[in-house]
Structures are given as structure tokens and as C-alpha cells.
Amino acid sequence: MTKKPLIVGGRADNTRIDFELVADMIEPGTKILDVGSDDGALLELLRDTRDVRGRGIELSQKGVNKCVARGLSVIQGDADEDLIYYPDDSFDYVILSQTIQATRNPKMVLEHLLRIGRRAIVSFPNFGHWRVRTDLLLRGTMPVNDYLPYSWYDTPNIHFCTVRDFVNLCGETEAKIEKAHGLQGNGERISFSAPWWFWNLFAEQAIFLLRRKD
């Protein structure tokens, strides 16, 4: 499944801040699977900075070609259909970055992530952000902005969710939240602790580190 384009903050070296936060959640030298590798930028960052043994699956052949050109081990595959073939506990981490909203069965995909990996990292745009609510309330239209850049008729996102929706899904799938970050529109992390309702209203993106409950 392909990651969908998001305009987020970055460093001088063009590293996306959300990628840096994902990297900070991963122990060096571990084995990871990146589901929806896109052009391989995240997997390359993890290889170069965390010394991981990384593999990936990517829906588009164009994306696979870009990953291979970076020297990455990425194959063509679909998150909705192909995760079933991976054995239990075959990776230390499974990453689903900016992709869960584009899957046909997000609950099943999350269950596979927690089965395949000892931990899962999931990031997504927050449809509960106040700007989204304002567009719906005042304009009566689906929002189009930096982190939701598609019109309603051509969006690849088919299951929009809020931070609260995802927290509820974690409860249904018996996923334990170990760490989470809310990001502002410029990609910067919300640096203070806040209750879920605050993130649900003011975070434009969220990143969760999960593991199976004992």
C-alpha cells in the first residue's frame, strides 16, 4: 500500500520530522518491515541511522523501483492482501506510515502488524483536527489542505479516522500504546503532554508505538 503525499516539516537535510520520530522509537540493529515503503526514504533513514535489517512492501511498481535504486530490499505487495503470508513474530518492528487510512480493512491490517512484529508503529493524518471540523461546519465541504491534499472524488484515503478513533481501535485489537506523538501542521511535534481530546482537536498527524498486551 502506497504512502500518500503529505507536506510536513523537515530539517535542513530534508528529513521529515515524522520520520525522525519513527526512527527514535526503534532500537538500533533490529529487524523491521516497512509496509507501504513509497520511495524508500524512511527505510533508507532507518538503515543509515539505526543500522536496522530492513525489508519493505510497496503497492506501486514505481515505488518499488525507487526503493531498489536506493539499495533497499522491497517487494511489490498489498497491505490488505499480503500480510497474511508473514509468520508470527518475524520482525521486531512493523511500520505503517501514513497508510492505514488507505487500507480497505484497517482493523485486520493492524491485527496483522501486531502479529508479525513484536511492536508496531502507525502514523496517520487526524481527521478530527479543528480545521477539518471547521471546513465541514462552515463550508459544508470535505477539507483539502496540506495533509489531506485530495478532493473527495479522487482521494486514495477511504477510511478517515481521528486520534480518538485510533485509540478506540487499539482497545478493540488489544494493542497497548507504549508511546505516542501529536504533530502540528508544520510537522513539529507537540512537545507537551496532553489528554487525548486535546490531540484529537489540535494534532494534524499522530504517531503511535504499539505492542500486543500480555
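Rules of the game
- Residues numbered from 1 in each chain as written.
- Predicted model: local features only at pLDDT ≥ 70, side-chain atom pairs only at ≥ 80, totals over all residues.
- Heavy atoms only, no water.
- Core = buried A, V, L, I, M, F, W, Y, C linked by side-chain atoms within 4.5 Å.
- Buried < 20%, exposed > 50% of the residue type's maximum accessible area, 1.4 Å probe, protein only.
- Helix = DSSP H or I, 4+ residues; strand = E, 2+ residues; numbered from the N terminus.
- Contact = heavy atoms within 4.5 Å.
- Salt bridge = Lys/Arg side-chain N within 4 Å of Asp/Glu carboxyl O.
- Arc of directions from axis to C-beta.
- Patch = residues over 30% accessible without salt bridge, like charges linked within 9 Å, V, L, I, M, F, W, Y side chains within 5 Å.
- Areas by Shrake-Rupley, 256 points an atom, 1.4 Å probe, with all protein chains shown as cover.
- pLDDT = per-residue confidence, 0-100.

On to the nonpolar core, then. Counting residues in each nonpolar core, the largest one holds 33 residues, and the members touching the most others are L83, L113 and F166. Mapped onto this core, the elements with two or more residues apiece are β1 (31-35), β4 (91-97), α5 (106-116), β5 (117-125), α7 (163-172), β6 (175-183), α8 (196-202) and β7 (205-212). Setting aside residues up to four positions removed in sequence, L113 forms contacts with V35, L83, V94, L96, A120 and V122. By size, the runner-up hydrophobic cluster in this structure holds 23 residues, among which are I17, V22, I32 and V64.

Enumeration according to the criterion identifies 13 salt bridges in this entry. Residue R104 pairs with E81 through a salt bridge whose shortest N-O separation is 3.1 Å. Pair noted here: R104 is in the loop between β4 and α5 and E81 is in helix α4 (residues 79-82), with a separation of 23 residues, a long-range link. Among the salt bridges present, the one from D88 reaches R115, with a minimum N-O distance of 2.8 Å. Note that D88 is positioned in the loop between α4 and β4 and R115 in helix α5, a separation of 27 residues in sequence. Taken together, the salt bridges that share partners define one network made up of D39, E44, R47, D48 and R70.

What follows concerns α7. For α7, every residue scored as buried is listed here: V163, F166, V167, L169 and C170. One face of α7 carries all of its buried residues, which in axial projection span an arc of 155°. Contacts made by the buried residues of α7 are with α5, β5, β6, α8 and β7. In the stretch just after α7, E174 is the one whose phi turns positive, near 55°.

The next thing to look at is a nonpolar patch on the surface. Residues W130, W197 and F202 make up a contiguous nonpolar surface patch of about 340 Å² in total accessible area. Position of F202 relative to the elements: it lies in helix α8. We classify F202 as partly exposed; its relative accessible area is 35%.

Locating G29 in the fold gives a position in the loop between α1 (17-24) and β1. Judged by its relative accessible area of 34%, G29 is partly exposed. As for G29 and T49, which are separated by 20 residues in sequence, their C-alpha atoms are 9.9 Å apart.

What follows is about the confidence of the model for the protein. Mean pLDDT for the protein: 85, with 82% of residues reaching 70 or above. β1 holds the highest mean pLDDT among the elements of the protein, 98, whereas helix α6 (residues 130-139) holds the lowest, 74. Across residues 1-14, where pLDDT falls below 50, the model places 54 contacts with residues more than four positions away in sequence or in other chains.

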